[in-house]
Amino acid sequence: RKRGFKVIYLGANVPFENIEQVYKIYEPDSMICSMTTNPPVEKVQELVNQLSDTFKSSSVLCMGAQIIHAQPSLSDNISVMSQPSDLIDLADGMS
(Lines give C-alpha, C1' and ligand atoms only; values in the text may rest on other atoms or scores of the structure.)
Protein backbone atom coordinates (compact mmCIF):
# COMPACT_ATOMS: atom_id res chain seq x y z
CA ARG A 1 0.00 0.00 0.00
CA LYS A 2 2.81 2.34 0.90
CA ARG A 3 4.09 2.14 -2.68
CA GLY A 4 0.67 2.78 -4.23
CA PHE A 5 -0.46 -0.80 -4.85
CA LYS A 6 -3.96 -1.97 -4.07
CA VAL A 7 -3.61 -4.71 -1.45
CA ILE A 8 -6.24 -7.10 -0.14
CA TYR A 9 -5.13 -9.01 2.94
CA LEU A 10 -7.08 -12.23 3.40
CA GLY A 11 -5.47 -13.45 6.60
CA ALA A 12 -4.08 -16.79 7.68
CA ASN A 13 -5.56 -20.20 6.96
CA VAL A 14 -8.14 -19.00 4.44
CA PRO A 15 -9.90 -21.90 2.68
CA PHE A 16 -8.77 -22.21 -0.94
CA GLU A 17 -12.36 -21.86 -2.18
CA ASN A 18 -12.57 -18.43 -0.55
CA ILE A 19 -9.34 -17.34 -2.23
CA GLU A 20 -10.82 -18.45 -5.56
CA GLN A 21 -13.93 -16.33 -4.93
CA VAL A 22 -11.86 -13.23 -4.16
CA TYR A 23 -9.71 -13.91 -7.23
CA LYS A 24 -12.75 -14.03 -9.51
CA ILE A 25 -14.01 -10.70 -8.14
CA TYR A 26 -10.72 -8.73 -8.27
CA GLU A 27 -8.73 -10.54 -11.00
CA PRO A 28 -5.34 -9.50 -9.58
CA ASP A 29 -2.16 -9.28 -11.64
CA SER A 30 -0.18 -10.71 -8.72
CA MET A 31 -0.81 -12.70 -5.57
CA ILE A 32 1.39 -13.47 -2.59
CA CYS A 33 1.20 -16.73 -0.69
CA SER A 34 3.07 -17.08 2.57
CA MET A 35 3.89 -20.63 3.67
CA THR A 36 5.49 -20.24 7.08
CA THR A 37 4.10 -23.31 8.88
CA ASN A 38 1.39 -24.64 6.53
CA PRO A 39 1.12 -26.70 4.47
CA PRO A 40 3.43 -29.46 5.69
CA VAL A 41 6.55 -29.69 3.51
CA GLU A 42 5.30 -32.87 1.84
CA LYS A 43 2.14 -31.01 0.67
CA VAL A 44 3.88 -27.91 -0.71
CA GLN A 45 4.18 -29.26 -4.28
CA GLU A 46 0.47 -30.03 -4.31
CA LEU A 47 -0.38 -26.48 -3.20
CA VAL A 48 2.04 -24.94 -5.71
CA ASN A 49 0.41 -26.95 -8.50
CA GLN A 50 -3.06 -25.89 -7.33
CA LEU A 51 -2.04 -22.21 -7.21
CA SER A 52 -0.50 -22.41 -10.66
CA ASP A 53 -3.46 -24.20 -12.23
CA THR A 54 -6.15 -22.07 -10.57
CA PHE A 55 -4.55 -18.64 -11.00
CA LYS A 56 -2.98 -19.04 -14.45
CA SER A 57 -3.40 -15.41 -15.47
CA SER A 58 -1.65 -14.04 -12.36
CA SER A 59 1.89 -14.05 -11.09
CA VAL A 60 1.93 -15.95 -7.77
CA LEU A 61 4.75 -14.98 -5.44
CA CYS A 62 5.42 -17.53 -2.70
CA MET A 63 7.50 -17.06 0.41
CA GLY A 64 8.10 -18.72 3.75
CA ALA A 65 10.04 -21.54 5.33
CA GLN A 66 7.84 -24.33 3.98
CA ILE A 67 8.31 -23.49 0.30
CA ILE A 68 12.02 -22.82 0.77
CA HIS A 69 12.56 -26.18 2.49
CA ALA A 70 10.38 -28.13 0.04
CA GLN A 71 12.03 -26.70 -3.10
CA PRO A 72 9.07 -27.63 -5.33
CA SER A 73 9.03 -27.62 -9.11
CA LEU A 74 7.65 -24.28 -10.27
CA SER A 75 5.58 -23.39 -13.30
CA ASP A 76 6.04 -20.12 -15.20
CA ASN A 77 3.54 -18.12 -13.12
CA ILE A 78 5.01 -19.14 -9.73
CA SER A 79 8.13 -17.63 -8.16
CA VAL A 80 9.72 -17.97 -4.74
CA MET A 81 11.12 -15.16 -2.64
CA SER A 82 13.56 -16.25 0.02
CA GLN A 83 13.43 -13.12 2.16
CA PRO A 84 11.08 -10.16 2.75
CA SER A 85 13.51 -7.73 1.15
CA ASP A 86 12.93 -9.56 -2.18
CA LEU A 87 9.31 -8.40 -2.10
CA ILE A 88 10.33 -4.84 -1.26
CA ASP A 89 12.83 -4.82 -4.14
CA LEU A 90 10.16 -6.16 -6.51
CA ALA A 91 7.64 -3.52 -5.42
CA ASP A 92 10.22 -0.75 -5.75
CA GLY A 93 11.00 -1.92 -9.27
CA MET A 94 7.32 -1.85 -10.25
CA SER A 95 6.43 1.58 -8.86
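Everything numeric here is computed off the predicted structure, so don't read it as measured data. (Residues numbered from 1 in each chain as written. Predicted model: local features only at pLDDT ≥ 70, side-chain atom pairs only at ≥ 80, totals over all residues. Heavy atoms only, no water.)

Draft legend 1. Summary view of the nonpolar core. Ranked by internal contacts, the top residues of the largest apolar core, which has 15 residues, are Met35, Leu51, Phe55 and Cys62. At the level of elements, α1 (16–26), β1 (30–34), α2 (44–54) and β2 (59–63) are the ones that each hand at least two residues to this core. No other element matches α2, which puts four residues into this core. For Met35, the residues in contact, after removing those within four places along its chain, are Val44, Leu47, Val48, Leu51, Cys62, Met63, Gly64, Ala65, Gln66 and Ile67. (Core = buried A, V, L, I, M, F, W, Y, C linked by side-chain atoms within 4.5 Å. Buried < 20%, exposed > 50% of the residue type's maximum accessible area, 1.4 Å probe, protein only. Helix = DSSP H or I, 4+ residues; strand = E, 2+ residues; numbered from the N terminus. Contact = heavy atoms within 4.5 Å.)

Draft legend 2. Here's a closer look at the side chain of Ser58. Here Ser58 is to be found in the loop between α2 and β2. If we skip the residues at most four places from it in the chain, Ser58 touches Tyr23, Pro28, Asp29, Ser30 and Asn77.

Draft legend 3. Summary view of the pattern of salt bridges. With the rule as written, the count across this model stands at one salt bridge. Lys43 is the salt-bridge partner of Glu46, the closest N and O atoms lying 3.9 Å from each other. Residue Lys43 is classed as partly exposed on the basis of its relative accessible area, which comes to 42%. (Salt bridge = Lys/Arg side-chain N within 4 Å of Asp/Glu carboxyl O.)

Draft legend 4. Highlighting the pairing of strand β3 (residues 78–81). Alignment of β2 against β3, held across four bridges, turns out to be parallel. Bridge pairing in β3 places Val60 opposite Ile78. A crossover connection joins β2 to the parallel β3 through helix α3 (residues 65–70); in handedness this β-α-β unit is right-handed. (Pairing = 2+ DSSP bridges. Right-handed = clockwise from strand over helix to strand, strands pointing away.)

Draft legend 5. Just the pairing of β2, in detail. Counting buried positions over the five residues of β2 gives four, a clear majority of the element. Two elements, β1 and β2, share five bridges in a ladder whose sense is parallel. When the bridges of β2 are listed, Ile32 appears paired with Leu61. Handedness of the β1-α2-β2 crossover: right-handed.

Draft legend 6. The arrangement of unusual backbone geometry in detail. Following Asn38, the chain continues to Pro39 via a peptide bond in cis, the omega torsion being -5°. By secondary structure assignment, the location of Pro39 is in the loop between β1 and α2. In this structure, Asn13 takes a positive phi of about 55° despite not being glycine. The residue Asn13 is located in the segment before α1 in this model. Overall, the relative accessible area of 66% leaves Asn13 in the exposed class. Its identity is not glycine, yet Glu27 carries a phi of approximately 45°, on the positive side. Structurally, Glu27 is set in the loop between α1 and β1.

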